[in-house]
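Here's the letter readout for the chains.
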Amino acid sequence: MADAVQYRLERMSDELDDLERRGLFTRAELAEVVRRRRDFEFRLRRRSPLRSDFLDYIAYELRLDALRDLRKRAIIRATPDTSDHDADATDNDSSKKKKKRKKGKAKKWKKSVSDIAGVLRVLDIYRIATVRYKGDLDLWFRYLEFCRDKRHAIRYHPKVPGLWIYAAAWEFDQNLNVAAARALMQTGLRSCPESEDMWIEYLRMELTYLNKLKARKVALGEDVKTLQKKNNDASAWKEENKELFMSLNEQDEGPEESGSRGVALEGKEDLFWQQGLLIIQTIYHGATEALPSSLTLRKKFLEILNSVDLAHSDELKVEVMDDLKKDFSDSEDYWDWLARLQLSDSTSSSNFNRKEALSNKLNKSIQVYDEAVRRLPTSRMYSLYAKFWMGVLFADTEDSISLFHGGEFDASGFTSCILEVYQNAESSGCLTEDLACQYVSLYLRLGGLEEAPGRLEEARNLAKKLCNGPLSHAADLWNLRASIEMKSLATSTGSSSFSKEDLSSLFDLFNVALPKLPIPEAEELWHTAMKLFSHEKVYFEKLVKCAMLSLSCAGGSDCGASVSSAIVGWILQRDGIKQARKMYKRFLALPRPSFKFFQYCIELETNLASIGNQDSLVNARKLYDSALDLYPQERELWRNYYNVELKVGTSETANAIYWRARKVLGDSTALDIPHS
């Protein structure tokens, strides 16, 4: 710690020499500065520095830099004027001499290392503080405020959009300088043209400014349309509130003069809103040019357009929609968004009752989805279509559409539509494992929805057909099929226990599925099978043989550790530790057993050794030695071995493990633990 502090102090030598050379501080004052900085540096390098340590250091450096600036200004003002003897010179000559004197002073006091060292040091302290206290928002805002005052944040981080937005927001909201805010946003967009947030915030800023101008025009009485109602009683309302339209002078106006003034004001207002639309068009075209492949940016622009009322804004909306279809017609997300957009259409709600309006909106969405799957017959498109239907039919899904679950709309009549979606996906070869599981699970849900127990048998037949088809290697589908088979057998017998015939049919199912599925993908299916046949020794032993064959093919990777560990656990629970040892030794005899399985076996034996079982201690040592032969660089294994010897062994055996670890790992601090 002392070396680091001394290094930082030595880096200040050029700054201190410059301060003394210019006469800003004496040698004694500089010695005090070094002493104070040394104290602060040691405080920052404690094991747990306080937030106040950083703030105190920053406050001291700011006071010191302010004092330096004051003394510098005082010395510049006190610099003698070398040209005072030319008092008889002409005015022209006098002005030229003043400029020369100013240039001479500026040259003498041009910026040097001491002028910027204080600011750079404060920035460095803030950087260290924000790294230490990442979640302290007040500290971050202090940092940003200091950078804004010194114009350092954007200079050092021009590629960070948030800083440009922060600076522009301050100019717009606090400094009330729209021109400066606009210039900052435009400069930021040149530096970060691919930032969606910057384009959106720029648009929001311009619209906010437009609304402020609109409010100002209303206050000045220049806005005609905002003072008129849109119904047929507009003229009567205007007559009742004619004092709002009186001119500021008290002279009466003729009807022609009054009419011409109203036309002129309407023309001004139209021009005003047209200019606003032009701003939005400019930003939109710039954004689409910079980010041509961003769908979310276009959607946000459209949302903003729907929330404002500008002249000819409908034309721009049409342009945006046309651009979306032209640029994203090959994107599934675009079609999904477009179909869901139809649900927000409120044009038909005034002409029909609520139920008919919902039906019309749903039909429009269906038409869009149907066109989408014709253009893009992909698995993702079918998945989005099915997800939409799940949101319509079921209120408990993640993406449930609340519009159809208010009790006014009966969605049960549309079950054939979602089934048709899955059928089309299957016939077009787009049925993925995930879609297939959804397809089968849908029959189970529809059975509860329509109170039709026959749906379980339909789900069973469908799962069987899919598992025997092109999805024969889909582990999740096999797992779903197994659960349906067990549920079907339990339902038919009315009991949770299975007969010998049922167990035989279930084992045949697992015996077909498990050998063809990789262990990492079929872990859940393995656990289901072991739980089902844990008390059936004949079937369980067949499962063990199948597992050993699969594990030997897997090459001893960690993916099979949970399966082999579960088998040992079931045998331990059923037959005791002796049979469990025999079983884990069979697994350890496979080519290169996994490290995680070694850990499981070691933990099993060490738990028994900790309660005084000497055989378990011997077995644990053998397991540790075997594991270290295969995985000699596993530091955690060495550390655990050492700790076990400390607890249940002797100091000699513990020290022997410690020195073996140092020799094998080649590191004196390999275990990071004390030793005797």
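Everything that follows concerns the structure shown earlier in this document.
What you see is a predicted model; the values in this text were computed from it and never measured.

A. Here's a closer look at the overall build of the protein. The number of helices and strands found in the protein is 31 helices and zero strands. A total accessible area of about 38,400 Å² is found for the protein, and carbon and sulfur atoms account for 52% of it.

B. Local environment of the packing of helix α1 (residues 2-10) against helix α3 (residues 27-44). Where α1 meets α3, the axes come as close as 10 Å, and the angle between the chain directions of the two elements is 140 degrees. One finds that α1 runs oblique with respect to α3. Every pair of crossing elements has a handedness; the one defined by α1 and α3 is right-handed. Residue-level inspection shows A2, V5, Q6, R8 and L9 of α1 in contact with α3, the latter providing V34, R37, R38, E41 and F42. Its residues assigned to classes, the contact of α1 with α3 shows five nonpolar, one polar and four charged.

C. Representation of the side chain of D53. Assignment of secondary structure puts D53 in helix α4 (residues 51-77). Residue D53 is classed as buried on the basis of its relative accessible area, which comes to 3%. Polar contacts involving the side chain of D53 include one to the side chain of R46, which spans 2.3 Å. Among residues more than four places away in sequence, those in contact with D53 are F40, R43, L44 and R46.

D. Fine view of the packing of aromatic side chains. In total, this model carries 24 aromatic pairs according to the counting rule given. Seen in terms of ring centroids, F597 and Y600 are 6.4 Å apart; in terms of plane orientation they differ by 20 degrees. Their pairing is stacked. Taken together, the positions of F597 and Y600, both in helix α28 (residues 595-609) and three residues apart, correspond to about one turn of that helix. Members of the aromatic cluster, connected to one another through ring pairs, are Y369, Y385, F388, W389 and F414. Taking NZ or CZ as reference, R71 lies 4.8 Å from the ring centre of F25, over its face. The residue whose ring lies beneath R445 is F394, and the NZ or CZ to ring-centre distance is 4.0 Å.

E. Seen up close, a negative patch on the surface. The grouping of D434, D476, E521 and E524 at the surface amounts to a negative patch. The topology assignment puts E521 in the loop between α23 (500-516) and α24 (523-532). For E521, a relative accessible area of 48% corresponds to the partly exposed category.

F. Seen up close, the packing of helix α16 (residues 332-341) against helix α17 (residues 354-375). At a minimum axis distance of 8 Å, the contact between α16 and α17 shows a crossing angle of 165 degrees. Of the possible angle classes, the one that applies to α16 and α17 is roughly antiparallel. In the crossing of α16 with α17, the sense of the turn from one axis to the other is right-handed. Across the interface between the two elements, W335, D336, L338, A339 and R340 from α16 touch S365, V368, Y369, E371, A372 and R375 from α17. Here the residues of the contact of α16 with α17 are counted per class, giving six nonpolar, one polar and four charged.

G. View of α1. Residues V5, R8 and L9 constitute the buried set of α1. Seen end-on, α1 carries its buried residues on one side only, within an arc spanning 100 degrees. Those residues of α1 that are exposed and aimed more than 90 degrees away from the buried face are D3 and Y7. Structurally, α1 contributes buried residues whose contacts are with α2 (13-21), α3 and α6 (113-132).

H. Local environment of the pattern of salt bridges. In this structure the tally under the stated criterion is 44 salt bridges. Between E15 and R121 there is a salt bridge whose closest N-O contact spans 2.6 Å. Within this pair, whereas E15 is found in helix α2, its partner R121 is found in helix α6, the two being separated by 106 residues in sequence. Judged on exposure class, the residue E15 and its partner R121 are both buried. Several salt bridges converge on common partners, so that one network encompasses D18, R21, R22, D65, R68, K72 and D115.

I. Seen up close, the nonpolar core. Among the nonpolar cores identified, the biggest contains 151 residues, and W389, W526 and I567 are the most heavily contacted of them. Among the elements that make up this core, the one with the highest residue count is helix α18 (residues 379-393) (ten residues). If we ignore the near neighbours within four places in the chain, the residues touching W389 are L362, I366, F414, C417, I418 and V421. Of all hydrophobic cores here, the second largest spans 27 residues; its members include L30, F54, Y60 and A129.

Cut-offs used in this document
- Residues numbered from 1 in each chain as written.
- Predicted model: local features only at pLDDT ≥ 70, side-chain atom pairs only at ≥ 80, totals over all residues.
- Heavy atoms only, no water.
- Helix = DSSP H or I, 4+ residues; strand = E, 2+ residues; numbered from the N terminus.
- Areas by Shrake-Rupley, 256 points an atom, 1.4 Å probe, with all protein chains shown as cover.
- Axes fitted to C-alpha atoms, helices over the stretch in contact; angles between N-to-C directions.
- Parallel < 35°, antiparallel > 145°, perpendicular 65-115°, else oblique.
- Left-handed = near helix turned anticlockwise from the far one by under 90°.
- Contact = heavy atoms within 4.5 Å.
- Nonpolar A, V, L, I, M, F, W, Y, C, P; charged D, E, K, R; others polar.
- Buried < 20%, exposed > 50% of the residue type's maximum accessible area, 1.4 Å probe, protein only.
- Polar contact = N/O pair within 3.5 Å; in protein donor to acceptor, adjacent residues only side chain to side chain.
- Phe/Tyr/Trp six-rings, centres within 6.5 Å; stacked < 30°, edge-to-face > 60°.
- Lys NZ or Arg CZ within 6 Å of the ring centre and 35° of its normal.
- Patch = residues over 30% accessible without salt bridge, like charges linked within 9 Å, V, L, I, M, F, W, Y side chains within 5 Å.
- Salt bridge = Lys/Arg side-chain N within 4 Å of Asp/Glu carboxyl O.
- Lys, Arg positive; Asp, Glu negative; His and termini not counted.
- Charge placed at Lys NZ, Arg CZ, Asp CG, Glu CD.
- Arc of directions from axis to C-beta.
- Core = buried A, V, L, I, M, F, W, Y, C linked by side-chain atoms within 4.5 Å.

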